[in-house]
Amino acid sequence: MSAALTLATPEHLDRLMTLVAACHAEEGIAQSDDIRRAGLAPLLDGIPHGVVYLIGPPRAAIGYIVITFGWSVEFGGLDGFIDELYIRPGVRKRGIASETLLSLPRALASAGLKALHLEVDETNETAQRLYARAGFALRPNYHLMTRRF
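On a predicted model such as this, the values are computed, not experimentally measured, just so you know.

Reading the values: rules and limits
- Residues numbered from 1 in each chain as written.
- Predicted model: local features only at pLDDT ≥ 70, side-chain atom pairs only at ≥ 80, totals over all residues.
- Heavy atoms only, no water.
- Helix = DSSP H or I, 4+ residues; strand = E, 2+ residues; numbered from the N terminus.
- Contact = heavy atoms within 4.5 Å.
- Core = buried A, V, L, I, M, F, W, Y, C linked by side-chain atoms within 4.5 Å.
- Buried < 20%, exposed > 50% of the residue type's maximum accessible area, 1.4 Å probe, protein only.
- Pairing = 2+ DSSP bridges.
- Axes fitted to C-alpha atoms, helices over the stretch in contact; angles between N-to-C directions.

(A) The arrangement of the environment of histidine 24 in detail. Mapped onto the fold, histidine 24 is located in helix H1 (residues 13-27). Counting along the chain gives 111 residues from histidine 24 to glycine 135, while the straight-line C-alpha distance between them is 26 Å. Once you skip the residues sitting within four places of it in the chain, histidine 24 turns out to touch Ile29, Gln31, Arg36 and Glu84.

(B) Main features of the nonpolar core. Ranked by internal contacts, the top residues of the largest apolar core, which has 22 residues, are Ile65, Ile67 and Leu101. Secondary structure elements with two or more residues in this core: strand E2 (50-55), strand E3 (63-72), strand E4 (77-87), helix H3 (96-109) and helix H4 (125-133). Counting residues per element, this core draws most heavily on H3, which supplies five residues. Dropping the residues within four chain positions of it, leucine 101 is found in contact with Ile65, Ile82, Leu85, Leu130, Tyr131, Ala134 and Phe136. Among the nonpolar cores identified, the runner-up in size contains 16 residues, and Met17, Leu19, Leu40 and Tyr64 belong to it.

(C) Representation of the sheet that holds E3 within the structure. Reading across the sheet, the five strands line up as E1-E2-E3-E4-E5 and stay open at both edges, with mixed pairing between neighbours. Looking at strand neighbours, the two that pair on one side only are strand E1 (5-7) and strand E5 (115-118), the edges of this open sheet. Pairwise comparison of adjacent strand axes, ignoring direction, gives a mean angle of 30 degrees for this sheet. Relative to E3, E2 runs antiparallel, the two being bridged by six bridges. The residue bridging valine 51 from the neighbouring strand is isoleucine 67, located in E3. In the packing of helix H2 (residues 33-44) onto the sheet, contacts are made with E2 and E3, and the angle to E2 comes to roughly 95 degrees.

Everything listed here is a matter of coordinates, which is why it stays silent on function.
Below you can see the structure in the form of structure tokens.
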């Protein structure tokens, strides 16, 4: 099984909608297809705020990863945030997520990215170990806070 990454384009929207719906169902995220589509479509159309990569063969993707972009004075420029990472349950524990997380930063660094961030459920020890193996670390004294509009 390979974690080959393909930059998603508008032709991949239907495939992604199915994967994102599965991810959201697993995570307990209640969201309509219209809202999912509104979040995905602009990224596939090439807006500069982020990208979506299909993981595995594009015609039969086994997962996806969404990275959004921002700017950080602290990190000296362009930074990214892994918004979502999903691997189909039937192919988990084969190193696909690890391979994705290890290869992606190298590719993004060549595009000028200075740092890559993510959030993880504090009770999900499996995900924490995965992210630690890929070089991510908790930032002492920092917590992600959110205000919805």
